[in-house]
Amino acid sequence: MSPGQVVRVVAAVKRWMYRYGRPNSLMRHANRLDALIYGSRWLSLRRTAVLKVPGRRTGRRTSIPIVVTEHRGAEYLVSMLGPDANWVRNVQAAGGQAVLHRRGRDTPIVLQEVPPEGRAEILRRYAALAPGARPHLGLGPGASLERFQQIAPGHPVFLIVAR
């Protein structure tokens, strides 16, 4: 199997694990483990965090492992699964109010949605930082800005603002 074929198979498996815009049971377990690691003071990676936001129906706080994308001195969250991802809908229902848990600390934040015309460069940076998101974006960091502009309406981006 060539390297290109391996990449295509891995991408297909990743898309299957998130079909219908939600993680399947295997990915839910993996996400729980990631949330523990990403929120840990000692184990977390520099660009990882856990987003905590109240559920729009239950009001119960949900925790989502996430990659924080730095671009031009600001930090952003990107939805690799698009506008129907549960965390995106929960953030919108909460008026952008959320908590970011990093390195063992909770920081209250407000997430402000970036309009589609301002997303391309941030999406490209995200693709460079989060290789696991590339199958969902359909692009890698080497793609042109025009290509990222084309997919921008389908991938919400949020500016992180401290409360």
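Located above this text is the structure these notes cover.
Note that the structure is predicted; figures quoted are calculated from it, not measured.

Q: It is not clear to me how the packing of aromatic side chains should be interpreted in this structure. Could you clarify?
A: Given two aromatic rings, their pairing is described by the distance between the two centres and the angle made by the two planes. Enumeration according to the criterion identifies one aromatic pair in this entry. Ring plane angle 55° and centroid distance 5.7 Å describe the contact between Trp87 and Phe158, whose orientation is recorded as tilted. On the criterion of sequence distance, the pair formed by Trp87 in helix 3 (residues 86-93) and Phe158 in strand 6 (residues 157-162) is long-range, its members being 71 residues apart. There is no split in this pair, since Trp87 and Phe158 are both buried.

Q: Explain the sheet that holds strand 3 (residues 74-78) to me, please; I cannot follow it from the model alone.
A: Note on sheets: strands pair through backbone hydrogen bonds, and any given pair is parallel or antiparallel. With antiparallel pairing, six strands are arranged side by side around a closed barrel as 1-2-3-6-5-4. Sheet twist, expressed as the average angle between the axes of neighbouring strands with direction ignored, equals 45°. In terms of strand pairing, strand 5 (residues 105-113) meets strand 6 through five bridges, oriented antiparallel. Of the residues in strand 6, the one forming a bridge with Leu111 is Ile160. Along the sheet face, helix 3 touches strand 1 (48-54), strand 2 (61-71), strand 3, strand 5 and strand 6 and points at about 55° away from the line of strand 1.

Q: Can you walk me through the pattern of salt bridges in this structure?
A: A side chain with one charge can pair with a side chain of the opposite charge if their charged atoms come near. Enumeration over the complete set of coordinates arrives at four salt bridges. The residue Asp106 makes a salt bridge to Lys52 at a minimum N-O spacing of 3.3 Å. Of this pair, Asp106 sits in strand 5 while Lys52 sits in strand 1, placing them 54 residues apart in sequence. On the basis of relative accessibility, which here comes to 42%, the residue Asp106 falls in the partly exposed class. With a relative accessible area of 16%, Lys52 lands in the buried category. In this structure, the salt-bridge partner of Glu75 is Arg102, at a minimum N-O distance of 2.8 Å. Of this pair, Glu75 sits in strand 3 while Arg102 sits in strand 4 (residues 97-102), placing them 27 residues apart in sequence. The class for Arg102 is buried, based on a relative accessible area of 18%.

Q: Any chance you could explain unusual backbone geometry here in plain terms?
A: Excluding glycine, residues mostly have negative phi values, and the peptide bonds linking residues are mostly trans. Although it is not a glycine, Arg72 sits at a positive phi angle of roughly 50°. Under the relative-accessibility criterion, Arg72 is labelled exposed at 72%. Unlike most non-glycine residues, Arg103 shows phi in positive territory, near 50°. Locating Arg103 in the fold gives a position in the loop between strand 4 and strand 5. With a relative accessible area of 41%, Arg103 lands in the partly exposed category.

Q: Just to check I follow, could you spell out the side chain of Thr69 for this structure?
A: Locating Thr69 in the fold gives a position in strand 2. Residue class for Thr69 comes out buried when judged on its relative accessible area of 0%. Each residue touching Thr69, except ones within four places of it in the same chain, is listed here: Ala74, Glu75, Tyr76, Val78, Ile122, Arg125, Tyr126 and Leu129.

Q: Any chance you could explain the side chain of His101 here in plain terms?
A: Along the chain, the position of His101 falls in strand 4. On the basis of relative accessibility, which here comes to 15%, the residue His101 falls in the buried class. A polar side-chain atom of His101 sits 2.5 Å from a polar atom in the side chain of Asp106.

Q: Help me understand the nonpolar core in this model?
A: Grouped burial of nonpolar side chains is what soluble globular proteins tend to show. Ranked by size, the top nonpolar core spans 21 residues in total, and within it Leu123, Tyr126, Phe148 and Val157 carry the most contacts. Counting residues per element, the ones that place at least two in this core are strand 3, helix 4 (120-129) and helix 6 (145-151). Tallying contributions element by element places helix 4 first for this core, with six residues. Ignoring any residue separated from it by four or fewer positions in sequence, one finds Leu123 in contact with Val78, Leu137, Phe148, Ile151, Ala152, His155 and Val157.

Calculation notes
- Residues numbered from 1 in each chain as written.
- Predicted model: local features only at pLDDT ≥ 70, side-chain atom pairs only at ≥ 80, totals over all residues.
- Heavy atoms only, no water.
- Phe/Tyr/Trp six-rings, centres within 6.5 Å; stacked < 30°, edge-to-face > 60°.
- Helix = DSSP H or I, 4+ residues; strand = E, 2+ residues; numbered from the N terminus.
- Buried < 20%, exposed > 50% of the residue type's maximum accessible area, 1.4 Å probe, protein only.
- Pairing = 2+ DSSP bridges.
- Axes fitted to C-alpha atoms, helices over the stretch in contact; angles between N-to-C directions.
- Contact = heavy atoms within 4.5 Å.
- Salt bridge = Lys/Arg side-chain N within 4 Å of Asp/Glu carboxyl O.
- Polar contact = N/O pair within 3.5 Å; in protein donor to acceptor, adjacent residues only side chain to side chain.
- Core = buried A, V, L, I, M, F, W, Y, C linked by side-chain atoms within 4.5 Å.

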